[in-house]
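Examination of the molecular architecture
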Amino acid sequence: MHRRILALALAGLIAPLAAFAQTPAATPAAAPPATAAAPDKAKDAPKSDTPKVYIPGLEQFMNVILIEHNKLWFAGTARNWKLAEYELGEIKEIMSDVQDIVPVFKNLPLAQMLDTVITTEVVALEKAIEAKDFRKFSVGYDKLTAACNACHQGTENGFIVIKRPTTPAFTNQDYRPHK
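Residues numbered from 1 in each chain as written. Predicted model: local features only at pLDDT ≥ 70, side-chain atom pairs only at ≥ 80, totals over all residues. Heavy atoms only, no water.

Let us look at the packing of helix H5 (residues 110–131) against helix H6 (residues 134–154). Where H5 meets H6, the closest approach of the two axes is 8 Å, and the angle between their N-to-C directions is 170 degrees. Here H6 runs roughly antiparallel to H5, going by the angle between their axes. Between H5, through Leu110, Met113, Val117, Glu121, Val122, Leu125, Ala128 and Ile129, and H6, the contact on the second element is made entirely by Lys136, Phe137, Gly140, Tyr141, Lys143, Leu144, Ala147 and Cys151. Among the residues forming the contact of H5 with H6, the class breakdown is 12 nonpolar, one polar and three charged. (Axes fitted to C-alpha atoms, helices over the stretch in contact; angles between N-to-C directions. Helix = DSSP H or I, 4+ residues; strand = E, 2+ residues; numbered from the N terminus. Parallel < 35°, antiparallel > 145°, perpendicular 65-115°, else oblique. Contact = heavy atoms within 4.5 Å. Nonpolar A, V, L, I, M, F, W, Y, C, P; charged D, E, K, R; others polar.)

So this is what it looks like as structure tokens:
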């Protein structure tokens, strides 16, 4: 879990730096004028030498699950069962991270909702992968996808609709089994 959080934190830190590195050097912008009504939060905040810790939000976790969901499909269609097992394991790990870090979302028990998905759809997919049965894998994948969409509906995010991918997210990965 710590490895994934560190990777997300690093990505969150690098993106703004990359944007800054591409902007031409300029004189520092003047600070916005302080208003009499606004207290100086920096002055009132306790000083600390400890850097701020980046904790990813739910969207960052879901984006990683979306990537793994895509890779899982292409691993399964290539009958690369070791890769499919790995990708499903990654999804399960990220869901576990969400349970630990974002157990409640919009006053809903997200941790419990994910536990249901893990113990039903994910377990069924694990069995299909273990059996190397593409038909069962395909059905299980669609059920996992439907569970994701049901969760989005339940959290008032029904505008986020997941489906079977038609193109790999990463074209530089070979999904075929290798020895």
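Right, let's get into the layout of surface pockets. Taken as a whole, the largest pocket spans an internal volume of roughly 440 Å³. The element contributing the most residues to the lining of the largest pocket is helix H3 (residues 58–77), with seven residues. Residues of the lining of the largest pocket, tallied by class, amount to 14 nonpolar, five polar and one charged. In this structure, the second largest pocket encloses a volume near 290 Å³. Taken together, 15 residues line the second largest pocket, and the ones lying closest to its centre are Trp81, Lys82, Glu85, Ile129 and Lys132. For the lining of the second largest pocket, the elements supplying multiple residues, two or more each, are helix H4 (81–101) and H5. A per-element tally of the lining of the second largest pocket places H4 first, with six residues. Classifying every residue of the lining of the second largest pocket gives four nonpolar, three polar and eight charged. (1 Å grid on protein atoms, 1.4 Å probe; cavity = no way out; pocket = protein on both sides within 12 Å on 5 of 7 lines; lining within 4 Å. Points joined across faces, edges and corners; volume = space filled by probe spheres on them.)

Before going further, it helps to examine the packing of H3 against H6. Where H3 meets H6, the axes come as close as 10 Å, and the angle between the chain directions of the two elements is 165 degrees. When the interaxial angle is binned, H3 and H6 end up roughly antiparallel. In this structure, H3 meets H6 at a crossing whose hand is left-handed. Contact with H3, carried on its side by His69, Asn70, Leu72, Trp73, Gly76 and Thr77, involves Phe134, Phe137, Ser138, Tyr141, Leu144 and Thr145 of H6 and no other residues of that element. Classifying every residue of the contact of H3 with H6 by side-chain character gives six nonpolar, six polar and no charged. (Left-handed = near helix turned anticlockwise from the far one by under 90°.)

Leu72, Met95, Phe137 and Leu144 are the most contacted members of the largest nonpolar core, which totals 33 residues. Every element with two or more residues in this core is listed here: H3, H4, H5 and H6. Setting aside residues no more than four positions away along its own chain, Phe137 makes contact with Leu72, Trp73, Gly76, Trp81, Leu125, Ala128 and Ile129. (Core = buried A, V, L, I, M, F, W, Y, C linked by side-chain atoms within 4.5 Å. Buried < 20%, exposed > 50% of the residue type's maximum accessible area, 1.4 Å probe, protein only.)

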